[in-house]
Amino acid sequence: MAFRSRREKLRLILSGSACIHPGSVYDAISIRIAEDLGFPLGMFGGSVASLAVLGDPDVTLITLTELAEQMRRMSRAAALSVLVDADHGYGNALNVRRTVQELEAAGAAGLTIEDTLLPAAFGEARTQLISLEEGVGKMKAALDGRSDASLVIMGRTGAASITSIEDAIRRAQAYEATGVDALFFTGIKSRAELEAVAAATRLPIVLGGAPEELSALDYLAGQRVRIALQGHAPIAAATQAVYETQKALREGTAPKALRGLASSDLTSRVMREADVKARSADFLGLKK
């Protein structure tokens, strides 16, 4: 299949002995930059998807169609393997099954399905979880939805910060038993919690939002953590840069006096201009 090599690269990361940091990607430019810089994997988070596509906060307003289309754009732009935060699968277990089908077709190397109750319940500000039984059903549906066996499906739980580490372990063990490829944890707060999780499970571990004491890659690798997220600083940096540039222009700064702009060489590289010129010569008879 067209995207199998990308998925096999993610599987190699999960089956290895090292822990890596992925690059945060959200559009065609960001994924090309991450690829050029040598990141082994891209992470397409739900929060950055919402911001990039809608300009809205991460409150589950983005739809599956919008998420998959953005992934499709990135797949076209670069060959970097991408792990997609598929939130709760955009509905019940049957919706999860379709989510897997759509993201597989869009070129994702892997995806996560979580057990958070989304969207938030009426009148409830506190983050809630779905039942363990419903979570298991979602994992089973996700596995049933994939047609390419190389697509990585991860069971994700935020129970460590919502209920307890014991509940997180119980859920992880149940998701592991369904046959998912890896376990994704958010809310792990200490080495003791991570070690308890690692001792109680067998699958590769992915960590999101870990504290400073869980930043040493060698230590994480020893606890079977294969991917450790670093947040989504690139889109925050891009937002600040756009704001400062627009502000300067609005206040009368001449375009040639602006600071911090991408060089023509960087812009050309991101646009793959040399490749386009070569194709123009070959297909349109233009001079190289």
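A brief look at the structure comes next.

Reading the values: the criteria
Residues numbered from 1 in each chain as written. Predicted model: local features only at pLDDT ≥ 70, side-chain atom pairs only at ≥ 80, totals over all residues. Heavy atoms only, no water. Helix = DSSP H or I, 4+ residues; strand = E, 2+ residues; numbered from the N terminus. Rg over C-alpha atoms; globule rule 2.2 N^0.38 Å. Buried < 20%, exposed > 50% of the residue type's maximum accessible area, 1.4 Å probe, protein only. Contact = heavy atoms within 4.5 Å. Areas by Shrake-Rupley, 256 points an atom, 1.4 Å probe, with all protein chains shown as cover. Right-handed = clockwise from strand over helix to strand, strands pointing away. Pairing = 2+ DSSP bridges. 1 Å grid on protein atoms, 1.4 Å probe; cavity = no way out; pocket = protein on both sides within 12 Å on 5 of 7 lines; lining within 4 Å. Points joined across faces, edges and corners; volume = space filled by probe spheres on them. Nonpolar A, V, L, I, M, F, W, Y, C, P; charged D, E, K, R; others polar. Polar contact = N/O pair within 3.5 Å; in protein donor to acceptor, adjacent residues only side chain to side chain. Axes fitted to C-alpha atoms, helices over the stretch in contact; angles between N-to-C directions. Parallel < 35°, antiparallel > 145°, perpendicular 65-115°, else oblique. Left-handed = near helix turned anticlockwise from the far one by under 90°. Core = buried A, V, L, I, M, F, W, Y, C linked by side-chain atoms within 4.5 Å. Expected span 1.5 Å × (residues − 1). Arc of directions from axis to C-beta.

### Quick word on the overall build of the protein
The helix and strand inventory of the protein stands at 13 helices and 8 strands. The globule rule puts the C-alpha radius of gyration for 288 residues at 19 Å, and the 20 Å found for the protein is close to it. Considered along the principal axes of its C-alpha atoms, the protein spans approximately 60 × 45 × 40 Å. A burial count over the protein gives 47% of its 288 residues as buried. Residue pairs in contact within the protein that sit at least 24 positions apart in sequence constitute 68% of those at least 6 positions apart. For the protein, the accessible surface area stands at approximately 14300 Å², while carbon and sulfur atoms represent 55% of it.

### As for the pairing of strand β5 (residues 152–157)
Counting buried residues along β5, 6 of its 6 residues qualify, which places the element largely inside the surrounding structure. What you see with β5 is no split at all: Val152, Met154 and Arg156 on one side and Ile153, Gly155 and Thr157 on the other are buried throughout. Traced from strand β4 (residues 110–114) through helix α6 (residues 132–145) to β5, the parallel crossover comes out right-handed. Pairing geometry for β5 and strand β6 (residues 182–186), over 4 bridges, is parallel. Bridge assignment links Gly155 to a residue of β6, and that residue is Leu183.

### Thoughts on the environment of Arg202
Mapped onto the secondary structure, Arg202 falls in the loop between α9 (191–200) and β7 (205–208). For the pair Arg202 and Ala172, spaced 30 residues apart in sequence, the C-alpha to C-alpha distance is 9.9 Å.

### Details of the layout of surface pockets
Empty pockets left among the atoms are what a rolling probe the size of a water molecule brings to light. Approximately 770 Å³ is the volume attributed to the largest pocket. Taken together, 32 residues line the largest pocket, and the ones lying closest to its centre are Tyr26, Ile29, Ile33, Pro234 and Ala238. Contributing elements (two or more residues each) for the lining of the largest pocket: β1 (23–24), α2 (28–36), α11 (233–250) and α12 (264–270). For the lining of the largest pocket, the element with the highest residue contribution is α11, accounting for 9 residues. For the lining of the largest pocket, the class distribution of residues is 20 nonpolar, 9 polar and 3 charged. Roughly 560 Å³ of volume is contained in the second largest pocket. If you trace the second largest pocket, you find 31 residues lining it, with Asp58, Glu114, Thr116, Thr127 and Arg156 closest to the centre. For the lining of the second largest pocket, the elements supplying multiple residues, two or more each, are α3 (46–53), α7 (159–162) and β6.

### Here we look at the environment of Arg98
Within the secondary structure layout, Arg98 lies in helix α5 (residues 93–105). As a C-alpha pair, Arg98 and Thr116 span 18 residues in sequence and 18 Å in three-dimensional space.

### Topic: the side chain of Thr178
With respect to the helices and strands, the residue Thr178 is situated in helix α8 (residues 165–178). By relative accessible area, Thr178 is classed as buried at 18%. Within polar-contact distance, the side chain of Thr178 engages the backbone oxygen of Tyr175 at 2.6 Å. Apart from the residues within four sequence positions on either side, Thr178 is in contact with Val136, Met139, Lys140 and Leu143.

### Re the packing of α2 against helix α4 (residues 64–77)
Interaxial distance between α2 and α4 falls to 8 Å at its minimum, and their mutual angle equals 40°. Considered as vectors, α2 and α4 are oriented oblique to each other. In this structure, α2 meets α4 at a crossing whose hand is right-handed. Along the contact surface, α2 presents Ala28, Ile31 and Arg32, while α4 presents Met74, Arg76 and Ala77.

### Structural notes on empty space enclosed by the protein
Here the structure, examined in full by the defined rule, presents 1 cavity of 30 Å³ or more. Taken as a whole, the largest cavity spans an internal volume of roughly 30 Å³. Lining the largest cavity are Pro22, Gly23, Ser24, Met43, Leu229, Gln230, Gly231 and His232. Taken together, the residues that form the lining of the largest cavity break down as 3 nonpolar, 5 polar and no charged.

### Comments concerning the nonpolar core
Nonpolar side chains tend toward joint burial in soluble globular proteins. Residues Phe44, Met71, Val84, Leu103, Ile188, Leu207 and Leu220 are the most contacted members of the largest nonpolar core, which totals 61 residues. With residues up to four places along the chain from it excluded, the contact list for Val84 reads Met43, Phe44, Leu67, Met71, Leu103, Ala108, Gly110, Leu111 and Thr112. Counting residues in each nonpolar core, the second largest holds 15 residues, with Leu41, Leu83, Met154 and Ile227 among its members.

### Here we look at helix α1 (residues 4–15)
Relative to the 16 Å expected for 12 residues at 1.5 Å per residue, α1 spans 16 Å between its end C-alpha atoms, a close match to the ideal helical length. The complete set of buried residues in α1 reads Arg6, Arg7, Leu10, Ile13 and Leu14. Seen from one end, α1 has its buried residues packed into an arc of 110°, which puts them on one side. Exposed residues on α1 whose side chains face more than 90 degrees from its buried face are Leu12 and Ser15. On its buried face, α1 sits against α4, α5, β4, β5, β6 and β8 (225–228).

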